[in-house]
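As a plain string of letters, each chain reads:
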Amino acid sequence: MARSNHTLGSTSEYGFPQARLLIPARPQRLLSAAIVLALSVSSHTMASEDDAIAFTADTPASVSQQTLTLPFDDAVERTLSQNAAVDISQARIAEARAAIEQANGNLLPTLDLSFGVMGSNNPLNVFGMKLQQEQANFNDFGAGEFFQTYANDPANLPAALETEPDNLNDPGWHHNFQTSLKLSIPIYNGGKIREMRTQAQALLQAAQSGDEAARQQLVLHTVEAYAGINTAEAFVEVASQAQQAANSFRDLSQNLYDEGVVTKSDLLKAQVNLGERELDVENARNQAANATDGLKVLTGIDTLQEIDLNEAIDVSLPETTLDEARQLALSNNPRIQALRGRIAAARAEVDVARADFKPQFNLMAQQDFNDDSLGLRNDSYTVGGVLTWRVFDFGARSGKVDRAQAKVDASLAERQQALDKLIGQVGKIWREANMAEKRVEVRRLAINQSEEAVRLEKLRYQQGLATMTELLAAQTEVDNARAELIRARFQRTMQRAALWLALGELNPERVESVRADGVKAALDTSES
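Residues numbered from 1 in each chain as written. Predicted model: local features only at pLDDT ≥ 70, side-chain atom pairs only at ≥ 80, totals over all residues. Heavy atoms only, no water.

1. Examining the overall build of the protein
Regarding its fold elements, the protein presents 13 helices and 10 strands. Looking at the protein residue by residue over its 528 residues, the buried ones come to 43%. Approximately 27,300 Å² of the protein is accessible, and the part contributed by carbon and sulfur atoms is 52%. (Helix = DSSP H or I, 4+ residues; strand = E, 2+ residues; numbered from the N terminus. Buried < 20%, exposed > 50% of the residue type's maximum accessible area, 1.4 Å probe, protein only. Areas by Shrake-Rupley, 256 points an atom, 1.4 Å probe, with all protein chains shown as cover.)

Set out below in C-alpha cells:
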C-alpha cells in the first residue's frame, strides 16, 4: 500500500502552510493517527498565534444550557469584535489621527492666557512693577531727599546730587498681579510642521493597512478553526463507519467460526479490530471537542457553552492566472501597503529634519494687566516678530538628517524583502490551490476503488478463500481513503483561503456554505 506525507498545520504571515505533520506508515493505526494529527490544526492555530486570541477574565459563573447556533459570519464577527490584535491596530489608527490633528493645530495661531504673582524688594524689580502698575512717581527717584538736602541753597547742589535716595535703592517689598493674553502666529517654520503632518498621514495609511491585515489574518484563523470542526466531525463519521464495518466483520467471523469455516484466530482478530475501531471513535469525538474548544476561545465564547455549527464551509477559488495573482498581491496585500506607508513616513521624517536648516519667523501680540491686587487694570500691549536661524551646531542637525535617511533605507530594504518573499509564496500557494481540487477528486476515486475491493474481499472471506487479515487490510484502505478525502477537502479550503489572504482580499464573502443540513453528512463522495 502506497504511503505519502501530507502537510497540515499553522500558517505563515501571508497564510501559507508551514508545519508538516507526517502520517505514520503502520496501516492498522493509520486512521487513528490521521484523526489525531489532522484535528490538531485548530488547537495549533490557537497556540501559535499569541496575538490572535483575547482571553476574557470576566467569565460568567454560569452559562445558559441552551445550545448556541453559530453560523460562520457570526463566528467572524465575534472574533473581530473581541480580539486584542484588532484593538492594537485600532489604537494605532487613533494615534496616527491624533498626530494629524496635532500637526494641523500647529499650523494655526495659538492663544495663551496666563496669570502670575510676584513679590520682590529688588530695587529694579520694584520700580519695574510700579511702572507696569502705572504707580511710579518722582519720589520713587528720591525727589524728597534731593530737595531736603538742596534746601533752596545752590551751594548744597553738589551734596544733593550725591545723595543716595532710599526710596529708590531700598524700596521695601512690593508685589504684582499680572494677567497676560498672548497670541502667537506661525508664519514660516521651514516647512517642518507641514512635513510632520505628511508623516502623520503616512503613518495613518500604514496603520489602516495594518488593521486590514490583522482583520484578514483573523478571518483566516476563523476559517481554519471553523473548517477544523467540520473536519473533526467528518472524522467522527469516518471512525463510526469503520466501527460499523468492524462490527459486521466480527459478526461475520463469529458465524463462520461457529460453522467451522474459519479459525478462532480470525475471530480474535476481528474482535481486536472492533475494539480498536471503538477506541478510534472515542478518540475522534475527543478531538472534535478539542477543535470546538479552540473555536470558542478564538470567538470569545465561554467553553461551557454548547455550540452548534449549522453549516459546513468552503472557500471559492480565485479565478486568476499566476501572473495576475502576483500583480494583485503586490498592489493589494495590506502588509505591503503598510510597508509603503512606513516608507512615506520615513521620507517625511527626513524633510522634517532638513527643515531645521531653514529660518523660522513668527509673529506675536500680547496684552498684559498689572496691579497690586487682583483685577484687570493698567493694561498694556506688545506686538512683534521674531526671526531665528541657527547658523552652526557642530553637526547636530546633519546627524538628525542622516539618521532619518537611514530609516528610509531600512524601510526600503524591508519592503523589497517582503516583496521577494511574497512573490515566491504566491507562486507556491497558487499552484497548491489549483491542484487541491484534483487531489479531492483522486481521493474520491480511491474511496470507490477501495470500497469495491472490500466487497470482493468480503465475498472471498465468506467462501473461505481469504483470511481476516486480508479483509481487514482492505477495510483499512477504505478507512484511509476516507480520511485522505477529508484531509484533502480541508487543505483545499485552507489553500484557497491562503491565496485570498495573499491577494489582500480575504473576507467573509469569500467563504460559502457547502451544506445546509449539518456537518455530520460532510463526508459525501457525491459532493463536488
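Further notes follow.
2. Here we look at empty space enclosed by the protein
Under the criterion given, the structure shown has 5 cavities of 30 Å³ or more. When its volume is computed, the largest cavity comes out at roughly 110 Å³. Asn-230, Thr-231, Ile-313, Arg-489 and Thr-493 are, among the 13 residues lining the largest cavity, the residues nearest its centre. The set of elements that each furnish at least two residues to the lining of the largest cavity consists of helix 8 (192-258), strand 7 (312-315) and helix 13 (468-502). (1 Å grid on protein atoms, 1.4 Å probe; cavity = no way out; pocket = protein on both sides within 12 Å on 5 of 7 lines; lining within 4 Å. Points joined across faces, edges and corners; volume = space filled by probe spheres on them.)

3. Structural notes on a negative patch on the surface
The grouping of Asp-73, Asp-74, Glu-77 and Glu-509 at the surface amounts to a negative patch. By the element assignment, Asp-74 lies in helix 2 (residues 72-82). (Patch = residues over 30% accessible without salt bridge, like charges linked within 9 Å, V, L, I, M, F, W, Y side chains within 5 Å. Salt bridge = Lys/Arg side-chain N within 4 Å of Asp/Glu carboxyl O. Lys, Arg positive; Asp, Glu negative; His and termini not counted. Charge placed at Lys NZ, Arg CZ, Asp CG, Glu CD.)

4. Overview of the packing of aromatic side chains
Counted under the stated rule, the structure contains 5 aromatic pairs. Geometrically, the ring pair formed by Phe-72 and Tyr-226 is edge-to-face, given 5.5 Å between the ring centres and 90° between the ring planes. One end of the pair, Phe-72, is in helix 2; the other, Tyr-226, is in helix 8, with 154 residues separating them in the sequence. For the pair formed by Phe-72 and Tyr-226, the shared burial category is buried. Ring centres of Phe-146 and Phe-147 lie 5.3 Å apart, and the angle between their planes is 80°; on these two criteria the pair is classed as edge-to-face. For the cation-ring pair, Arg-510 lies above Trp-500, with the distance from its terminal atom to the ring centre recorded as 3.8 Å. (Phe/Tyr/Trp six-rings, centres within 6.5 Å; stacked < 30°, edge-to-face > 60°. Lys NZ or Arg CZ within 6 Å of the ring centre and 35° of its normal.)

5. A short note on the nonpolar core
Among soluble globular proteins, nonpolar side chains are generally buried collectively. If you look at the biggest cluster of nonpolar residues, it comprises 52 residues, and the most contacted ones within it are Val-223 and Leu-295. Contributing elements (two or more residues each) for this core: helix 2, helix 8, helix 9 (264-299), strand 7, helix 10 (322-332), helix 11 (334-354), helix 12 (396-462) and helix 13. With 11 residues, helix 8 is the largest single contributor of residues to this core. In terms of nonpolar packing, the next biggest core, distinct from the first, is built from 14 residues, Phe-249, Tyr-461, Met-468 and Ala-474 among them. (Core = buried A, V, L, I, M, F, W, Y, C linked by side-chain atoms within 4.5 Å.)

6. Here's the deal with the pattern of salt bridges
With the rule as written, the count across this model stands at 21 salt bridges. Between Glu-451 and Arg-482 there is a salt bridge; the shortest N-O distance is 3.2 Å. With Glu-451 in helix 12 and Arg-482 in helix 13, the pair connects residues that are 31 residues apart, well separated along the chain. The exposure class assigned to Glu-451 is partly exposed, which follows from its relative accessible area of 35%. The exposure class of Arg-482 is buried, given its relative accessible area of 12%. Linking Arg-487 and Glu-484 is a salt bridge whose minimum nitrogen-to-oxygen distance equals 3.9 Å.

7. Thoughts on the pairing of strand 5 (residues 174-188)
Across 11 bridges, the pairing between strand 4 (residues 110-120) and strand 5 is antiparallel. Bridge pairing in strand 5 places Ser-120 opposite His-174. (Pairing = 2+ DSSP bridges.)

8. Remarks on the environment of Gln-205
Mapped onto the secondary structure, Gln-205 falls in helix 8. Under the relative-accessibility criterion, Gln-205 is labelled partly exposed at 31%. Measuring from C-alpha to C-alpha, the distance between Gln-205 and Ala-96 comes to 8.6 Å, with 109 residues separating the pair along the chain.

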